[in-house]
There are 2 protein chains.
Amino acid sequence: MRADAQRNYDRIVEVAREVFREQGYDASLDEVAKRAGVGPGTLYRHFPKRENLIDAIMQSWVDRVDEAADKALAHEGSPRDLLLAWFEQYVALISLHKGGPAKITSAMCDDSSPIATKCQALTRATSRVLERLEAEGALREGVDVVQMCRLVGGVATVADQADLGTDDVQPLLGVVADGVLR
Amino acid sequence: MRADAQRNYDRIVEVAREVFREQGYDASLDEVAKRAGVGPGTLYRHFPKRENLIDAIMQSWVDRVDEAADKALAHEGSPRDLLLAWFEQYVALISLHKGGPAKITSAMCDDSSPIATKCQALTRATSRVLERLEAEGALREGVDVVQMCRLVGGVATVADQADLGTDDVQPLLGVVADGVLR
DNA sequence: ACCTGAACACCGTTCAAGT
DNA sequence: ACCTGAACACCGTTCAAGT
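Residues numbered from 1 in each chain as written. Chains lettered and ligands numbered in written order. Predicted model: local features only at pLDDT ≥ 70, side-chain atom pairs only at ≥ 80, totals over all residues. Heavy atoms only, no water.

### Some words on the packing of helix H9 (residues 145-162) of chain A against helix H10 (residues 166-180) of chain B
Next up, step 1: Running from N to C, H9(A) and H10(B) cross one another at 70°; their axes reach a closest spacing of 10 Å. Comparing their axes, H10(B) and H9(A) come out roughly perpendicular. Judged by the sense of rotation from one axis to the other, the crossing of H9(A) with H10(B) is right-handed. On H10(B), the residues touching A:Gln147, A:Arg150 and A:Leu151 of H9(A) are B:Asp168, B:Pro171, B:Leu172, B:Val175 and B:Val176.
Next up, step 2: Partitioned by chemical class, the residues of the contact of H9(A) with H10(B) number 5 nonpolar, 1 polar and 2 charged. (Axes fitted to C-alpha atoms, helices over the stretch in contact; angles between N-to-C directions. Helix = DSSP H or I, 4+ residues; strand = E, 2+ residues; numbered from the N terminus. Parallel < 35°, antiparallel > 145°, perpendicular 65-115°, else oblique. Left-handed = near helix turned anticlockwise from the far one by under 90°. Contact = heavy atoms within 4.5 Å. Nonpolar A, V, L, I, M, F, W, Y, C, P; charged D, E, K, R; others polar.)

Pasting the structure below:
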C-alpha cells in the first residue's frame, strides 16, 4: 500500500472509532470522512461496506474477548455463577457501541459477513465456557454454542434498543442460564 | 374530520399496510405517500411519526392477539407445551412485518410510545398464560410478564434480523421455556 | 495507484401557497 | 381546515478528472 493510502486508512479507522463511540455503529459515514479530512470516495475505496469499517476498528477487540473468557473461567463458583459471569462479559463486549448487539448477532454464523472472524472469536470463547460446564455435567442435552450466542445476543439487542439498565438485563440472563443448565 | 381528510387517512393506512407487508416497517414513507396519491405533507399531518402509522395499521391486530391467547390456552398438554405454544404465537404475531420484533419489543413498557396500547395487548395476553401456569405451580419464583416478553421478543428480533427459520427459532424458545418453568 | 469532490438518487421534514 | 408540492438537509454511492 502506498504511503499516503496507508495514512488515510489509519486516519479513517481512528476517526471512525471515535465517531462510532459517540454515535453508535449507525453513525453517518459522511461525517467520518469529513472528520478524517478525506473525500467520501476514499472512504469507499478502503471500506466498500460499513461492516468492513466496523471490522477494522474491532481488531484489538478479539484479544479482549479471549481475556474476558479467561477471566470468567478463572472465577470460582457454581456452574450458574460461571455462566452468568460469562454472559455479563458477553453482553458488555458486544454492547460497546450502540447498534453493536444487533449487527454482531445478525452476522453470527454468516461466513460471508465482513465481521465473520469477530463472530467466530465470540463463539470460540463461548465454546471454552461450555466445555467446562459440559465436563462438570452441568449442561442440558442438545444445547449448542450458536444457540447460546443468539439467546444472549438477543437479550443484548433488546437492552441496547430499549436502553435497559443492568438491573433489567440481569434477570433475563438468569432465565437463559436456568434454561441452559441441568 | 372532513370527508376528504378521512378518505386520505384511509387510503394512506390501506397503502401503508401493503407497502409494509412487502418491505417491512422501515419502508420509505415517500413511497407510501406516492402510492396513496397524496403529498408527503398530508402523510405527516396525519402521522407525525412512523410509529403512528404503524399503530394505525395494527388496529385489527389486537383482536388477533387475544384470539391467539385463547387458542394457546385451549391447548391441552403439559405446562411446557402450553408455554411453547404461546411463544410460537407470540413470535408469529410480532414478526408479521420485517422490523416488527425490534420496534415492538423496544416499545415494551414505554407508555409514551405511539404503539403503547399494542404492547399492552401483548403483555395482557401473556399475563393470562402466566396466570394459568402460576395456578398450576409450574412457574419459577420472580418471573414476571415483562421479562418474558423481552426474552421472547429478543429471540424474535434476532430471528427477524438474521432471517432464521422455524427450525432455528424453536430450540431458542425451548431454552427460554425451561428457564422460566420450575 | 490513489485521491478529490462534484453529481446523483433517495429519504424525511417543513412550510408557503392554494383550495 | 386540509392539501399540494417545492424546498431543504442529509445520507450513501459513483465516477470523471486530477496528481
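### Re the domain arrangement of chain A
All names here are of chain A.
Next up, step 1: What the domain assignment lists for chain A is domain 1 (1-48) and domain 2 (58-180).
Next up, step 2: Taken over C-alpha atoms, the centre of domain 1 sits 29 Å from the centre of domain 2.
Next up, step 3: Each side of the interface is counted separately: domain 1 has 6 residues, and domain 2 has 6 residues.
Next up, step 4: Both sides together, the interface formed by domain 1 and domain 2 hides about 540 Å², and carbon and sulfur atoms give 52% of it.
Next up, step 5: Summed over the three residues of domain 1 that lose the most area to domain 2, namely Arg-17, Tyr-25 and Asp-26, the buried surface amounts to 76% of that side.
Next up, step 6: For Asp-26, the salt bridge goes to Lys-103, with nearest N and O atoms at 2.8 Å.
Next up, step 7: On inspection of domain 1 and its partner domain 2, the count reaches 3 residue pairs in polar contact (both at pLDDT 80 or more).
Next up, step 8: For the side of domain 1 that touches domain 2, the class distribution of residues is 2 nonpolar, 1 polar and 3 charged. (Domains from an automatic or database assignment. Buried area = accessible area lost by both parts, 1.4 Å probe. Salt bridge = Lys/Arg side-chain N within 4 Å of Asp/Glu carboxyl O. Polar contact = N/O pair within 3.5 Å; in protein donor to acceptor, adjacent residues only side chain to side chain.)

### Quick look at the protein's contact with DNA strand C
Next up, step 1: As a matter of local geometry, DNA strand C sits amid 20 residues, with A:Asn8, A:Thr42, B:Leu29, B:Tyr44 and B:Arg50 nearest to it.
Next up, step 2: Within the side chain of A:Asn8, one N or O atom sits 2.6 Å away from a phosphate oxygen of DNA strand C.
Next up, step 3: B:Ser28 places a side-chain nitrogen or oxygen 3.4 Å from a phosphate oxygen of DNA strand C.
Next up, step 4: Listed by contribution, the elements that provide at least two residues to the surface near DNA strand C are helix H1 (3-23) and helix H3 (40-46) of chain A together with helix H2 (29-36) and helix H3 (40-46) of chain B.
Next up, step 5: Tallying contributions element by element places H3(A) first for the surface near DNA strand C, with 5 residues.
Next up, step 6: Along the lines of polarity and charge, the residues of the surface near DNA strand C split into 7 nonpolar, 8 polar and 5 charged. (Near = heavy atom within 4 Å.)

### Comments concerning the protein's contact with DNA strand D
Next up, step 1: As a structural note, the neighbourhood of DNA strand D is formed by 20 residues, with A:Leu29, A:Tyr44, A:Arg50, B:Asn8 and B:Thr42 the closest of them.
Next up, step 2: Among all atoms of DNA strand D positioned within 4 Å of the protein, those belonging to sugar or phosphate total 72%.
Next up, step 3: In this structure, a phosphate oxygen belonging to DNA strand D sits 3.1 Å away from a main-chain N or O atom of B:Gly39.
Next up, step 4: In the model, a phosphate oxygen of DNA strand D is placed 2.8 Å from a nitrogen or oxygen of the B:Thr42 side chain.
Next up, step 5: Broken down by secondary-structure element, the contributors of at least two residues to the surface near DNA strand D are helix H2 (29-36) and H3 of chain A together with helix H1 (3-23) and H3 of chain B.
Next up, step 6: The element that contributes the greatest number of residues to the surface near DNA strand D is H3(B), accounting for 5 residues.
Next up, step 7: Of the residues assigned to the surface near DNA strand D, the class counts are 7 nonpolar, 8 polar and 5 charged.

### Structural notes on unusual backbone geometry
All names here are of chain A.
Next up, step 1: Its identity as a non-glycine residue notwithstanding, Cys-109 has a phi of 75°, on the positive side.
Next up, step 2: For Cys-109, the location among the structural elements is in the loop between helix H7 (100-107) and helix H8 (116-135).
Next up, step 3: Relative accessible area serves as the criterion here: at 51%, Cys-109 is assigned to the exposed category. (Buried < 20%, exposed > 50% of the residue type's maximum accessible area, 1.4 Å probe, protein only.)

### A few points about the environment of B:Ile54
All names here are of chain B.
Next up, step 1: With respect to the element layout, Ile-54 can be found in helix H4 (residues 50-57).
Next up, step 2: Residue Ile-54 is classed as buried on the basis of its relative accessible area of 2%.
Next up, step 3: When the C-alpha positions of Ile-54 and Val-13 are compared, they lie 8.7 Å apart, and in sequence the two are 41 residues distant.
Next up, step 4: Filtering out sequence-adjacent residues up to four positions away, Ile-54 remains in contact with Phe-20, Tyr-25, Lys-103 and Ile-115.

### A look at helix H6 (residues 79-94) of chain B
Next up, step 1: For H6(B), which comprises 16 residues, the first-to-last C-alpha distance of 23 Å matches the rise-based estimate of 22 Å (1.5 Å per residue) to within 8%.
Next up, step 2: Its buried side turned inward, H6(B) meets helix H5 (61-74), helix H7 (100-107), helix H8 (116-135), helix H9 (145-162) and H10 of chain B. (Expected span 1.5 Å × (residues − 1).)

### Considerations on the relation of the copies chain B and chain A
Next up, step 1: Screw-axis analysis of chain B against chain A gives a translation of 0.0 Å along the axis, an RMSD of 0.0 Å, and a rotation angle of 180°. Such a turn and shift between the copies fits a two-fold axis. Closest to the rotation axis within chain B is the C-alpha of B:Gly179, separated from it by 1.8 Å. (Least-squares fit on C-alpha atoms with pLDDT ≥ 70 in both.)

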